[in-house]
Each structure stands twice: as structure tokens, then as C-alpha cells.
Amino acid sequence: MATNTESIANSLLDTFSDLLCHQSMILAMNSSFIDPLVQYESQLSIIESSFRKAFAIPTLEVVKTMGTNAEDKEELESVYMSIFNMYEDTLLILVSKDLYKLQILKEMMKWMDEDNLYFQERVMVIISRVLSFASKKARGHTSVDVPCLGVLAAELSLLCCHTDPSIIQQASSGMYYLLSIAKHQNGIHRSFNTYKQHIKEKNHTILSISAEDAFVKIQFNFSIKAKDRFDPYLLYYKFSLNRTSVGQYLMPSLLTDFVWSLLKKLSSRSHVTAFEAAAILKLTLESHAQKVTKVSKIVDDIYQQISNNFSHTMKHALLRVITLLTRTSPKKVIFQLMDYPLPADNTVILMWQAAGYESSVAPDVLSTILLILKGKPGEMEETQMERRRFSLDATNMMPVAASQALCTFLPVGSYKKAVAQFFPQLLMALMLQLFYTSQLRVLPEDRPLFARDALRVLLNCSGLQEVDLALKKKNCWNQFSQVLFHNHGVYLIAKTLSEHNFPQFPETLHYLYKTSVEGPRRSEDSIITIIFLTELLNNFFKDPFPEEFLVLFRDWVNDSNPEVSKLSLQKIASMAPVINEIESACSLITSILEAFLSKEKTVVMRALLTLRRLLGRLDKVTYSSLCTNIASSYCPLMDHSNGGIRSMAIRHFGELLRDMSQYTWMLSHVILGGLVPLILFLEDKEQRVVKACKYTLDICASQLKWSISYLLKDENYNFELVVINICNNLVASNENQITDLISDTLGFMGSSRVYLRRGAVILVGYLAKLGEYFLLKDEMAVMFEVIDKLRWDEDPITRDLAEMTHHILTEIAYKMTSSTIKKNFRRIFRFIYTKRLKPLYNWNMDLTDSDSDTKETKSDKEGFAEDNDDDIAI
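Draft legend 1. Here's a closer look at the overall build of the chain. In terms of helices and strands, the chain carries 44 helices and two strands. Counting only residues that meet the buried cut, the chain has 54% of its 874 residues in that class. By sequence separation, contacts in the chain at least 24 residues apart represent 75% of the contacts at least 6 residues apart. If you sum the accessible surface of the chain, you get close to 39,400 Å²; carbon and sulfur atoms cover 52% of it.

Structure, rendered in C-alpha cells:
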């Protein structure tokens, strides 16, 4: 027996010696200039070694039994207590130097849980004492930095539910001291006496506590049993801290650690521990979820736990955490729930359902989903800052997930009010998503159309079941997967809603107007908006629309998206019968004239047709005020590269002159401004352009009282004779415009079209001959420069004509007088000059054209055919 006692004594002495050596090493490190991180890691390693030696020894009762007499027992007890005192002193030395090293206590709890043989009660005594010391030290500081408090608080909270009363006692005391430190860490200094007085006022009454608050009840019950050793007011205060003060005094980052640690415990092999962790989580988040940070990571961790083990025993508790986090951080939760692979699996759907249980934040949830729906599926996010938190790549597929999520959220009964509030936004957002997903190439062809399904759910949840059935009968839903059907599908939805007089019309119209005024995020969004809005207005208003909406259509005429422009022009054209009832008719027509400048040929064609339709119904007073501006806008289009546009511009120019026949005096200068292209395009290779020129020239001649109509008939037509006749008429009425006409003609000599260069050379020759007595030297110099270039033209006929014109110009230059005399001659020229021109070229333009001209005409016709196809598709 003596030998056994000596062995135990030697073992205790060896342990004490080791701990003493370890303490010396730790003290030496404290006095050194080692990197703080390296120092901490080294000290932690030494403390762990000491821990495993100290707490592996038997209990004090067992040690005492090894003594043969009272003296032996006393010696063994002395050595035993010295070991733990040494370990405790070492920890106090570390903490006194730096409160940051309270993290060692967190590690001690992990070591304690690894082996049940460790003396847990003694560990908790030391932890409680160290925390007590640290709390006193913290009182002398305005703020302290102890990042481990959250995790430590979680471990102590669980130990407060331990079956051993002694461990509960130490854990509760430790929690009290920990929260005291947390108060100082937050800079909060509140007197404990305040809490003590508050408890006295409760008359020591213990209220009933739910099963989920079991850990609080256990703590309180223990405090009653131990009241002869502890102040019950103090213990009640300590034990109620878990409900009121953990969330109150822990900073957001520490509270997040607290929650995170408990969340991990839900996967514990011990069902009791998991249940206790779930109860504490619920109590904490119910009161302080708004302080939790890293919500997205917590949500993702819950997803990983459930998806890795779908039959998770604590699945309900995990989902309840989602519900509680959604209550205070709906945006963070929803964004994270939309960032998982598509289609959403059962785990994500369960989490959606859990988020939907919190009805108080239904508007926030739906507004967050609407924010996500503003994105375009498959769109590459340009910068790293724009990327979502956990996205696997830069391709944004969250809108598709949001559409699927709506199928879960919208039918929830408690969401009914929020769905009604956001009906217009959801309706338009889902129609846009239908358009985007129908064009998406990332998803397989047999992909489910979640946006379509969500749209149907929205209609059914909004009391519009009949609309859904009507669209189903029209086979609308089945055809949405076809890209070309989408615009017609939007039209069908708007029409069907209107036919059923849907009660959400006022707010939907208001939202569409607001969106249109603010401008869409993408140009293609405008297409959906204008189709839907136009159909609603057609069904609920008679033409013309209210002025507020007419402004929108006016602005859309010159939208950057040509499809939007054409849709707007098409609707404006339909309002021709009531154009005179529109107050802003002039501004509407002006916007159409601006569309003439569009680079898109189909837009220009649609603008020409729309304008002509409006002018046919416009009252003469308004028409006359605009006619000069309109006529001037036609002139640039007469030289458009597209033959269809040329012919329409020329013909409509003539129709305008015919409409305004009584205002010829206002338009004479405009007629002369368009005279050169009307003459030159008589030789166009497209018959529609030629016919338009003859038609308009005939009107011009009648307005100006020129007798050239007989020459424009096919059987009498000769280009040179028409030019001569017009020039002779100019002498009699508008000879002062000759220099302007020469300038316009010279502009066509650089054309890529051969027939224009030929005609321009002939026309400038006659105009020069007509004005030979008043042309200036500078003007002649410009003509010589241009003609000289054409003498080297690739087309031989153009070269010959240029030589002839050059000869004419040379004769004129030879006869020229001084500028002063010529200026005086100009003033009297119209009264005395009566010379009429005769043929100078004797040339027939009906000659074989060059290959380049023929190819050009062919391509021009093909282009017009495509334009017509586009126009039909509008």
C-alpha cells in the first residue's frame, strides 16, 4: 500500500513539476519580443500539454483514499491542489497580460469534450475563476478586445443545461462573468444593483417556462436548491441572461459567432445537445436576430447541412432559423436562397417555404425578388463588384431561380395582401423574364418555364382564374417557349385581362406609366411595355389617348430600339382619324420628322407612312403652319440609299405640294430646293423612283406654272429635253436661284451611282450656260475643279459628258467680264434677258449602264425587299 501511495505521490509531483516548467516557459515567452501570433500558438500548445496532464489525474476523493494515514492524505491533497492552482495561475498570468488570450478557455472546452475521463467539474471551476478575474480586469478599461466571447458564450449556454448541478453552477457563474466582460467590450456600464432591485420587485415569482426554455428553467431550479450558498437574486440574474442579455450585450460579430457555434451543435451526435442548442438559438434569434451578421453564410451552412443529410433529425430547427433570420434580414436571406443550382432542389424549396412562414416581411421578400427579377438571365456581370456573393460563375441565373421561388411564395395565404400590393410589378417582371428565358441558350430545350408558371400562379392568386383559363384555351401558355411568339403572347395577356375587366387595371396603368417615364433598364424592356400598354389603352380608352400617354408615344418614336420606334409610329398612325382632337399634334408630327434621321431604314419608312396618314386628316390651318418644315424634311430623303425611301419621300413631297396648292408662295423656295434631285432621279434604275419623280415634277410644274407635263409622259420623255425645258422656265421666273441650283447639282457629282454623275454633268452644263452672264470667277473655279475630276471618271460616258461640259465652261470663262460689271448686270438681267437654251449635248440617256450601276440597283432592290419584309412583321 505504501508503494502505491508513493507511486501516486511521485506521479502528482511529476505533473506538478511539468506544470511548473511549462509556467516558466510561458513567462519567458511573455517577456520576449516574439511575434504575437507565434507566441500565442506556442503558449496554447504548452497549455494543452499541461491540460492533458493535470486533468487526467483522478479526483481528489480517489487520491485521498490512497493515503495510509492523515499525514499522507494531507500531503497528497496539498500536491493535488497545487497542480490545479499552478494551472489556474498560469492562465491568470496569460489573461492578465492580454485578455485576448481568453481564447484558451474556448480551446479548453474542446479538449474537455474530447474525453469524458477529464475532470469536467474542475475544468469549469478554473474557467469560471479565470472569467471572474477577467471581468474585474475589464472594469478598468473603457473597451476590451476579446473576440472569443461569442463561441465561449455558446459553450457555456449548453453547459448550463448539463445534468450535473455542479457544472451548471460553474457554467452559470462563468456566463455571468463573460457577459460582464461583454458589457465593457461594448462600452456599456450598467449597475448590477439595478437588476437586483428589478428582481426584488418581481416578488420572487417564478413564471411558467416553455419546453424550449428548458435550459433557463434548469438553471433557475438549481439556483433555488443552492440558495443557502448563493444569493438567489444574483443567480436569477445570471440564469435569465441567456434569454435577455446574450443578445443584448454581445456585439454583432460576437453574437454571430454565438449563433454559428450553436448552429454547428445541431449536427451533434448527442440529441440532447442538439435539442438544447435549438432551444437557445430560437430564444436568441427571436429577440436579437437583427444583430446577426454573415446571414448569407449561415443560410448557406444550413443548406449544406440539410442537403448532405436530408433526413437530418434537427431539420425543423434548422428551417426555423431560416424563418427567424428572414424576419430581420429578408434581403440577405432571399438573395442567398436564389443563388443555388437550377432547378432548385428539395432542400432549397424547403428553405423557401421556411422563409415564407414569416408573413410580417412578405412585402420585403417580394420586393427583393422583384429586384432580382430586374436582372437578365445569362447576362455576364461586367465587374467582380457586381457579382453575387456565392455565384459559381459570372453568369447571372438568379432571376430564373426567383421565378421558380415565386411559385412557392405567391400561394402562401399570408402573402395575399403583399401580392395584391405588388401585382403590377410582378406581372411586368414575369413577362420580361418570359422574354429573356425564351431567348436563353444556357438552359436545355426541355427546360421548365418558371416565369410562365409563376405568371399563372400570380393570376390565380389574384382572383384572375378566368383569365388563366381563357389564355389556356387560346393556347397562349404552351406557345411561350417559342421566341417569335412572345410579343404576340404579351398582346394576348393584355387583351385577355382587358376583356375580363381585371380590377388591378388602375394600379397597373399607373405602374406602366411610371416605368415608361423613368425609362427601362434595357431597350428590349420597352418593347414589352409598349405592347402591353397600347393594348390596355386601346381597350379602356377611345382615341386619342390622354395627353400623358401621348407624350410617351411621342418620345418612343425616337427610341434607340427601332422596334419600339416602329410600334409607336404604328399606334400614332392609327390615331389619324382623331389627329385634330390632339392638342399636341404639332409636337407629335415634329417627333415623326425627327425619325427621318434614323439609321434604321424600316423606321424611316414607317415614319413616312405614318406622317402621310396623319397629314391626310390634318386640318389646313395646322398643316399650313408645318408644311415648310415637313417639305424641307423630305428633301434629304430624296437621295437616300434605299430606293423605297427615295420613292416615298419624292412622292410624298409631291402630295404635300398638291395639298398646299393655295400656299404655293410659301413653298416656292422649298420646291426649288428639291428640284435638283427630282430632275436627276428621273434616270433612277428603279421604276418606282422614276414614276415618283415624274409625278412630283408634274405637280411642281403646275404649281409654278411651267409647261413640262407633256415631256414627262413616257412616249415623249427625254432627259436632256426635260432639263432644257426646266432651265428655260427658270429664266422666266426664278433665275436668281440658278447659282443655288448649280451648287446642289455639284453635290451629286461625287455620287457612287453612275446615272447621277451623268445627269449632274449635263444639268450643270445647262445651268452654267443659263447663268453665263452673272457667274463669278470664284464660282467658275469651283465648277472647273469638280468637272476636271470627272474627266477621269471610270465610266467612259461620264468622261465624255464631262469633256463637253468643260468645253462649255471654258467658253463661258473666256467671255467673262469684271466682277463689278457682272454684279450690276445681275440687277437688270431679269428685265432684258430672254435667251432660251437649245440642246448642247444631243445625247440620249437610254444607253447601256455600267456593270457597277446595275449591281448597285440590284442590291438596292434586294435591300428594299428585306425592308418590306421587316415592315410587314411589325
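On we go from here.
Draft legend 2. Spotlight on the confidence of the model for the chain. Mean pLDDT for the chain: 78, with 77% of residues reaching 70 or above. Within the chain, the lowest mean pLDDT, 38, falls on helix α10 (residues 214-225), and the highest, 94, falls on helix α32 (residues 601-615). Counting interchain partners and residues more than four positions distant, the pLDDT-below-50 stretch residues 190-241 has 66 contacts. Per-residue pLDDT stays below 50 along residues 845-874; that stretch engages in 49 contacts with residues further than four places along the chain or on separate chains.

Draft legend 3. Structural detail: the packing of aromatic side chains. Across all of its chains, the model carries 13 aromatic pairs by this definition. An angle of 45° between the planes, with centres 5.7 Å apart, marks the rings of F545 and F553 as tilted. In terms of burial, F545 and F553 fall into one category: buried. On the basis of an interplanar angle of 90° and a centroid distance of 5.3 Å, the ring pair of F553 and W556 is categorised as edge-to-face. On the criterion of helical spacing, the pair formed by F553 and W556 is a turn pair, its members being three residues apart in helix α29 (residues 547-556). The exposure class assigned to F553 is buried, which follows from its relative accessible area of 0%. On the basis of relative accessible area, W556 is assigned to the buried category, the value being 7%. Three or more aromatic residues link up through ring pairs in this structure, and these residues are F502, F505 and F540. R651 extends its terminal NZ or CZ atom over the ring of Y695, reaching a point 4.7 Å from the ring centre. Geometry around Y717 places K694 over its ring, the cationic atom sitting 4.6 Å from the centre.

Draft legend 4. Expanded view of the nonpolar core. The biggest cluster of nonpolar side chains holds 274 residues, and the ones touching the most others in it are L102, M338 and F532. Dropping the residues within four chain positions of it, L102 is found in contact with V95, V130, L131, A134, V146, C148, L152 and I181.

Draft legend 5. Up close: the packing of helix α22 (residues 423-438) against helix α26 (residues 486-499). Between α22 and α26, whose axes approach to 10 Å, the crossing angle comes to 155°. Comparing their axes, α26 and α22 come out roughly antiparallel. Crossing of α22 over α26 shows right-handed handedness. For the pair formed by α22 and α26, the contact residues are L427, M431, L434 and F435 on the first element and H486, V490, I493 and L497 on the second.

Draft legend 6. Geometry of the environment of K315. Note that K315 resides in helix α16 (residues 315-328). For the pair K315 and L266, spaced 49 residues apart in the sequence, the C-alpha separation amounts to 8.8 Å. In this structure K315 touches I306, F310 and L350, once residues within four positions along its chain are discounted.

Draft legend 7. Seen up close, the side chain of T534. Position of T534 among the secondary structure elements: in helix α28 (residues 523-540). In this structure the side chain of T534 is engaged in a polar contact, spanning 2.5 Å, whose partner is the backbone oxygen of I530. Apart from the residues lying within four places of it in its own chain, the contact partners of T534 are F545, F553 and K571.

Draft legend 8. Up close: helix α27 (residues 505-518). Over its 14 residues, α27 runs 20 Å from end to end, which matches the ideal 20 Å to within 8%, given 1.5 Å per residue. For α27, the full list of buried residues reads F505, T508, L509, L512 and S516. All buried residues of α27 project into a common sector of 100° when viewed along the axis, lining one side. With respect to the buried face of α27, the exposed residues turned more than 90 degrees away are P506, H510, V517 and E518. For α27, the secondary structure elements touched by its buried residues are α22, α28 and α29. At the exit of α27 stands G519, carrying a positive phi of roughly 95°.

Draft legend 9. Geometry of the packing of helix α7 (residues 149-159) against helix α13 (residues 252-265). It is the contact of α7 with α13, at a shortest axis distance of 7 Å, that shows an interaxial angle of 45°. Classified by the angle between their axes, α7 and α13 sit oblique to one another. Crossing angle aside, the handedness with which α7 passes α13 is right-handed. Two secondary-structure elements touch here, α7 through L149, G150, V151, A153, A154, E155, S157 and L158 and α13 through L254, D257, F258, S261, L262 and K265. Taken together, the residues of the contact of α7 with α13 sort by class into eight nonpolar, three polar and three charged.

Conventions adopted
- Residues numbered from 1 in each chain as written.
- Predicted model: local features only at pLDDT ≥ 70, side-chain atom pairs only at ≥ 80, totals over all residues.
- Heavy atoms only, no water.
- Helix = DSSP H or I, 4+ residues; strand = E, 2+ residues; numbered from the N terminus.
- Buried < 20%, exposed > 50% of the residue type's maximum accessible area, 1.4 Å probe, protein only.
- Contact = heavy atoms within 4.5 Å.
- Areas by Shrake-Rupley, 256 points an atom, 1.4 Å probe, with all protein chains shown as cover.
- pLDDT = per-residue confidence, 0-100.
- Phe/Tyr/Trp six-rings, centres within 6.5 Å; stacked < 30°, edge-to-face > 60°.
- Lys NZ or Arg CZ within 6 Å of the ring centre and 35° of its normal.
- Core = buried A, V, L, I, M, F, W, Y, C linked by side-chain atoms within 4.5 Å.
- Axes fitted to C-alpha atoms, helices over the stretch in contact; angles between N-to-C directions.
- Parallel < 35°, antiparallel > 145°, perpendicular 65-115°, else oblique.
- Left-handed = near helix turned anticlockwise from the far one by under 90°.
- Polar contact = N/O pair within 3.5 Å; in protein donor to acceptor, adjacent residues only side chain to side chain.
- Expected span 1.5 Å × (residues − 1).
- Arc of directions from axis to C-beta.
- Nonpolar A, V, L, I, M, F, W, Y, C, P; charged D, E, K, R; others polar.

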